[in-house]
Amino acid sequence: MAALPKSLLVFLTFQAVLLFASILWSKNTTIFSTRPSSGKFQVNDRSEVTNTVHNGNLRTQEGLVTTRQGKCNLPVTNFVFIKVHKTASGSTFMLLARFGRNHDITICYPARRSKAKHIQLSYPSGRLTNKDCRPALGRNYTLIIHHSIMNKPAMDRVMEPGTKYIGIVREPLNHFRSIFFWHQVGLRRKKNPLGAFLSTPNKDKDRQLGKHHPYSKHRNFQSYTLGFPRKLMTSKNTTQIYEAIRTVASWYSMVIITEYWEESLVLLKRKFCWTMYDILHTTRRLHALKKRKEHAPLTDKQKANHKRISNIDYMMYDYFNNTFSQRVTEEGPEFWEEVTYYKTLNHQVNQHCNSGGGKRVFPAGKWSQEFVIDSTFCNEWKWAEGRWAAACWDVVYRRNKLSATQKSRP
């Protein structure tokens, strides 16, 4: 067969590119992919894709919102969020608190002011009774979002029957790096403080962390917070540990993966029958590591030392990460279309509020109902965790006041 002239090849190639571009443009989605190349999720920065979003208006498709929630009738409005330190839990807290306030959910707000000040409820002991919550007259609690240790029997007694549980987990070494520079002060003058800590001889490290104390902020901290039994933290039986992890996992309807935070929120939206408006979030980073020494690389030996210290955290993270991958696969390819839509929409909301706010209508699209944001919404966008926690308590306070008024009437 004779070879095609070079000029004809160039022309055909150009036409093929135009055809491919026109197909993409007609799909009403932004032209970038958020789907990973494999089932193992490896993204280290959840803003990696968001930063590439274009500045134009999101193209939308009028009509009903497309979901895979055929069995979904009502949104889940009673849930517990296990807030693990340094896992993007602060950003998640504010999103869930906004949802709670908007839906008039009854929060178990810490009765002790010192606990409320530090966004704590049953942390670090895990003990919880109705007396630990500020009174909610005549009602069961339907929301816990303050720092708590997972204690399902105790929480089931305090919460409304049918309450769902949400967890969050972060890649252990990333988590350790973040929590180390938040908590560890003594070694900060060194050039590579984290590396120096992980290079300490094992016997000295056991003395520092407490040889017979299997969890701390530096050791299996995520596992402990998520409810892994203390008595098994020193176990050498891998089968026994995995059985315990599977038991813990069965308590949660959803476990958010920090490295795929926004993807997790879309999955949460689908599982809990929420709207796109419910999972909008500020892109402001709350506790980013900024100094060069905080990002100093570690040797293979130092990394191995951390795996020895927090072996259960690594096993639990791998389990939840693989489970998350499986659940996303079950959602089908349209899940990634929705993630792309969500990131673009959320970027536009943040861009609007950061440029002065005011009223703006976001039209209905394939994955979203129409919603309106205004100056009040944009002002609340700047609230910190404490202000959102107080807003949730205000819901309960108003209900208590109304109940007391009704009881006092003849």
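Being a predicted model, the structure only gives us computed values, none of them experimental. (Residues numbered from 1 in each chain as written. Predicted model: local features only at pLDDT ≥ 70, side-chain atom pairs only at ≥ 80, totals over all residues. Heavy atoms only, no water.)

## A short note on the overall build of the protein
Of regular secondary structure, the protein possesses 15 helices and six strands. Among the 410 residues that make up the protein, the fraction classed as buried is 50%. Within the protein, contacts between residues separated by at least 24 positions form 76% of all contacts whose residues are at least 6 apart in sequence. Entry remark: accessible area of the protein is about 21,200 Å², with carbon and sulfur atoms responsible for 53%. (Helix = DSSP H or I, 4+ residues; strand = E, 2+ residues; numbered from the N terminus. Buried < 20%, exposed > 50% of the residue type's maximum accessible area, 1.4 Å probe, protein only. Contact = heavy atoms within 4.5 Å. Areas by Shrake-Rupley, 256 points an atom, 1.4 Å probe, with all protein chains shown as cover.)

## Things to note about the pairing of strand β3 (residues 164-169)
Remember that side chains alternate between the two faces of the sheet whenever the strand is regular. In terms of burial, β3 is a largely internal element, five of the six residues being buried. Sheet topology note: the strand β1 (residues 79-81)/β3 ladder contains three bridges and is parallel. Residue pairing in the sheet places Phe 79 in a bridge with Lys 164 of β3. The sheet contact formed by β3 and strand β4 (residues 254-257) spans four bridges and is parallel. Residue pairing across strands places Ile 166 opposite Met 254, the latter belonging to β4. (Pairing = 2+ DSSP bridges.)

## Quick notes on the packing of helix α10 (residues 261-272) against helix α13 (residues 334-354)
Here α10 crosses α13 at 110°, and the two axes come no closer than 10 Å. In this view, α10 runs roughly perpendicular relative to α13, as classed from their interaxial angle. At the point where α10 passes α13, the crossing takes the right-handed sense. Contact residues: Glu 262, Glu 263, Leu 265, Val 266, Leu 267, Lys 269 and Arg 270 in α10; Glu 334, Phe 335, Trp 336, Glu 338, Val 339, Tyr 342, Lys 343 and Asn 346 in α13. (Axes fitted to C-alpha atoms, helices over the stretch in contact; angles between N-to-C directions. Parallel < 35°, antiparallel > 145°, perpendicular 65-115°, else oblique. Left-handed = near helix turned anticlockwise from the far one by under 90°.)

## A word on the packing of aromatic side chains
What the rule picks out here adds up to 19 aromatic pairs. On the numbers, 6.5 Å between centres and 85° between planes, the contact of Tyr 260 with Trp 336 is edge-to-face. In this pair, Tyr 260 is assigned in the loop between β4 and α10 and Trp 336 in helix α13, connecting sequence segments 76 residues apart. Taken as a pair, Tyr 260 and Trp 336 share a single burial class, namely buried. A connected cluster of aromatic rings, assembled from ring pairs, spans Tyr 277, Phe 362, Phe 371, Phe 377 and Trp 381. For the cation-ring pair, Arg 387 lies above Trp 383, with the distance from its terminal atom to the ring centre recorded as 4.1 Å. (Phe/Tyr/Trp six-rings, centres within 6.5 Å; stacked < 30°, edge-to-face > 60°. Lys NZ or Arg CZ within 6 Å of the ring centre and 35° of its normal.)

## Quick word on the pattern of salt bridges
Taken as a whole and assessed by the stated rule, the structure comprises ten salt bridges. In this structure, Lys 83 and Glu 385 form a salt bridge, with 3.0 Å as the shortest nitrogen-oxygen distance. Residue Lys 83 is located in the loop between β1 and α2 (89-102), and its partner Glu 385 is located in helix α15 (residues 385-408); the two are separated by 302 residues in the primary sequence. Side by side, Lys 83 and Glu 385 carry an identical accessibility label, which is buried. Between Lys 366 and Glu 337 there is a salt bridge, and its shortest N-O distance comes to 3.1 Å. One end of the pair, Lys 366, is in the loop between β5 (360-362) and β6 (371-373); the other, Glu 337, is in helix α13, and 29 residues separate them in sequence. A single network of salt bridges, built from pairs that share partners, joins Lys 269, Arg 270, Lys 271, Glu 331 and Glu 338. (Salt bridge = Lys/Arg side-chain N within 4 Å of Asp/Glu carboxyl O.)

## Some remarks on the nonpolar core
Of all hydrophobic cores here, the largest spans 105 residues; its most connected members are Phe 79, Ile 145, Phe 228 and Trp 274. Residues contacting Ile 145, with those up to four places away along its chain left out, are Phe 79, Phe 81, Lys 83, Phe 93, Leu 96, Ala 97, Ile 107 and Cys 392. (Core = buried A, V, L, I, M, F, W, Y, C linked by side-chain atoms within 4.5 Å.)

## Some details on the state of the cysteines
Across all of its chains, the model carries two disulfides by this definition. Disulfide pairing places Cys 108 opposite Cys 133 at an S-S distance of 1.8 Å. Classification of the bridge connecting Cys 108 and Cys 133 rests on its S-S torsion, roughly -65°, and on that basis the disulfide is left-handed. Taken together, the residues span a long stretch of sequence, with Cys 108 in the loop between α2 and α3 (113-117) and Cys 133 in the loop between α3 and β2 (143-144) at a distance of 25 residues. Residue classification places Cys 108 among the buried residues on the basis of a relative accessible area of 0%. Residue pairing for Cys 353: its cysteine sulfur links by disulfide to Cys 378, the two sulfurs lying 2.2 Å apart. The sign of the S-S torsion, about -70°, decides the handedness of the disulfide formed by Cys 353 and Cys 378: left-handed. Separated by 25 residues along the polypeptide, Cys 353 in helix α13 and Cys 378 in helix α14 (residues 375-380) bring together distant segments of the chain. As far as the burial class goes, Cys 353 and Cys 378 line up, both buried. (Disulfide = S-S within 2.5 Å.)

## A word on the sheet that holds β2
Judged by pairing direction, the sheet is parallel, and its four strands sit side by side in the order β2-β1-β3-β4 without closing on themselves. Strand pairing shows two members of the sheet lacking a second neighbour, β2 and β4, which therefore form its edges. One ladder, built from two bridges, connects β1 with β2; its direction is parallel. Residue pairing in the sheet places Phe 79 in a bridge with Leu 143 of β2. Where α2 meets the sheet, its contacts fall on β1, β2, β3 and β4, and the angle it forms with β1 comes to roughly 160°. Together, β1, β3 and β4 form the strand contacts of α10, whose direction differs from that of β4 by roughly 160°.

## Quick look at α2
It helps to recall that an α-helix has 3.6 residues per turn; residues three or four apart then point in one direction. With 14 residues, α2 should reach 20 Å at 1.5 Å per residue; the first-to-last C-alpha distance of 20 Å fits that figure. Most of α2 is tucked away: 13 of the 14 residues are buried. Positive backbone phi, approximately 55°, marks Asp 104, located one or two places after α2. (Expected span 1.5 Å × (residues − 1).)

## Quick word on the confidence of the model for the protein
Mean pLDDT over the protein: 82, with 75% of residues reaching 70 or higher. Across residues 7-12 the pLDDT falls below 50, and counting only partners more than four positions away or on other chains, this stretch makes two contacts in the model. In this model, residues 14-70 is a region of pLDDT below 50 whose contacts with residues beyond four sequence positions or in other chains number 100 contacts. (pLDDT = per-residue confidence, 0-100.)

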